[in-house]
Amino acid sequence: MAVYLRSAGAEARIEEFRVGTPTAQAAADAIGCALGQIVKSLVVVCDGVPAVVLVPGDRRGDLVKAARALGGRHARVARADEVEPATGFAPGAVAPFPLPHRVLCERSLLRNAFVWCGAGSDRHMVGLAPVELLRLSRAELADLARE
């Protein structure tokens, strides 16, 4: 992850934590930030094609909205055994970049000055500005959270 961030000229910092950060709440507790500053990387399968949906830790992703934004009919959360083949990361450690598939980002993440997302392991997080998250992940903005 550090090599990717350096090569991309990213303005970001990677932190390693003593405790695991596999869930949004665990990450917020370890970092000491608001739950809404945590970026959940939800791996979905839409009409048979994997994608990643980024939503704030204090919101739930909406699969109907995700399918619509992906131009498909039906989206579901990927099974645990589908996550690593689709992303290169284990469940609970999915980073939003670099990824081989489409990435969608919930618009409300842009309200934060700084966010934290997975960095490839359940003990590492990367902190960065939301605009940098969009650039690095090549994410498309969409309305993706449940009301």
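Placed above this text is the structure.
First, a word on scope: everything that follows refers to the structure included in this document. Throughout this description, residue numbers start from 1 for each chain and increase along the sequence as written. Given that the model is predicted, a residue must reach a pLDDT of at least 70 before its local features are reported, and side-chain atom pairs must reach 80 or more before they are shown or counted; all residues, however, enter totals for whole chains, interfaces and linings. Excluding hydrogens and water, the side-chain figures rest on all heavy atoms present in the structure.

### Digging into the side chain of E106
Working step 1: Helix and strand labels come from DSSP, where a helix needs a run of H or I of at least four residues and a strand needs a run of E of at least two; each type is numbered from the N terminus. Along the chain, E106 turns up in strand β5 (residues 103-106).
Working step 2: Two N or O atoms form a polar contact when they lie within 3.5 Å of each other; inside protein one atom must be a possible hydrogen donor and the other a possible acceptor, and for residues adjacent in sequence the pair counts only when both atoms belong to side chains. Looking at E106, its side chain comes within polar contact range of the main-chain nitrogen of A145, at 2.9 Å.

### Let's talk about the nonpolar core
Working step 1: The nonpolar core is taken to be a set of buried Ala, Val, Leu, Ile, Met, Phe, Trp, Tyr and Cys residues, with the residues joined through side-chain atoms within 4.5 Å. In this scheme, a residue with accessible area under 20% of its type's maximum is buried, one over 50% is exposed, and one in between is partly exposed, where area comes from a 1.4 Å probe on protein chains only. The biggest cluster of nonpolar side chains holds 27 residues, and the ones touching the most others in it are L54, F97, L128 and L133.
Working step 2: Of all the secondary structure elements, the ones that give two or more residues to this core are β2 (38-46), β3 (49-56), α4 (80-87), β5, β6 (115-118), β7 (124-128) and α5 (130-137).
Working step 3: Contact partners of L133, with chain neighbours within four places excluded, come to V39, L54, P96, F97, V115, C117 and L128.
Working step 4: In terms of nonpolar packing, the next biggest core, distinct from the first, is built from 12 residues, C46, A66, L70 and L144 among them. It only takes one pair of heavy atoms within 4.5 Å for two residues to be counted as in contact.

### Considering the pairing of β6
Consecutive residues of a regular strand have side chains that alternate between opposite faces of the sheet.
Working step 1: Two strands qualify as a pair provided that DSSP identifies no fewer than 2 bridges between them. Where β2 lies against β6, 2 bridges are found, and the strand directions are parallel. Pairing of I38 across the sheet is with W116, part of β6.
Working step 2: In the sheet, β6 pairs with β7 via 4 bridges, with the strands oriented antiparallel. Bridge pairing in β7 places V115 opposite L128.
Working step 3: The antiparallel hairpin formed by β6 and β7 contains 5 residues in its connecting segment, where G120 sits at a positive phi of about 100 degrees.

### Concerning unusual backbone geometry
Phi is mostly negative for residues that are not glycine, and the peptide bonds are mostly trans.
Working step 1: The residue after F97, namely P98, is reached through a cis peptide bond having omega -20 degrees.
Working step 2: Looking at the secondary structure, you find P98 in the loop between α4 and β5.
Working step 3: The phi dihedral of D47 is positive, around 50 degrees, even though this residue is not glycine.
Working step 4: Among the residues examined, D47 registers a relative accessible area of 40% and is labelled partly exposed.
Working step 5: In the Ramachandran plot, R138 falls in the positive-phi region, its phi being about 55 degrees despite a non-glycine side chain.
Working step 6: Along the polypeptide, R138 turns up in the loop between α5 and β8 (140-142).
Working step 7: The exposed category is assigned to R138, whose relative accessible area is 52%.

### Regarding the packing of aromatic side chains
Working step 1: Classification of ring pairs uses Phe, Tyr and Trp, with its six-membered ring standing for Trp, and accepts pairs whose centres are within 6.5 Å; under 30 degrees between planes counts as stacked, over 60 as edge-to-face, and the remaining range as tilted. Counted by the stated rule, this structure contains 2 aromatic pairs.
Working step 2: Ring centres 5.5 Å apart and planes at 75 degrees place the aromatic pair F114 and W116 in the edge-to-face group.
Working step 3: Look at W116 and you get buried, because its relative accessible area is 5%.

### Some details on the side chain of S108
Working step 1: Of note, S108 is situated in the loop between β5 and β6.
Working step 2: S108 gets classed as buried once you look at its relative accessible area, which sits at 9%.
Working step 3: Beyond its immediate stretch of four places on either side in the chain, S108 contacts P56 and R59.

### A word on α5
Working step 1: With respect to burial, α5 is a largely interior element, 6 of its 8 residues being buried.
Working step 2: Residues P130, E132, L133, L134, L136 and S137 constitute the buried set of α5.
Working step 3: With its phi angle positive at about 55 degrees, R138 sits one or two positions after the end of α5.

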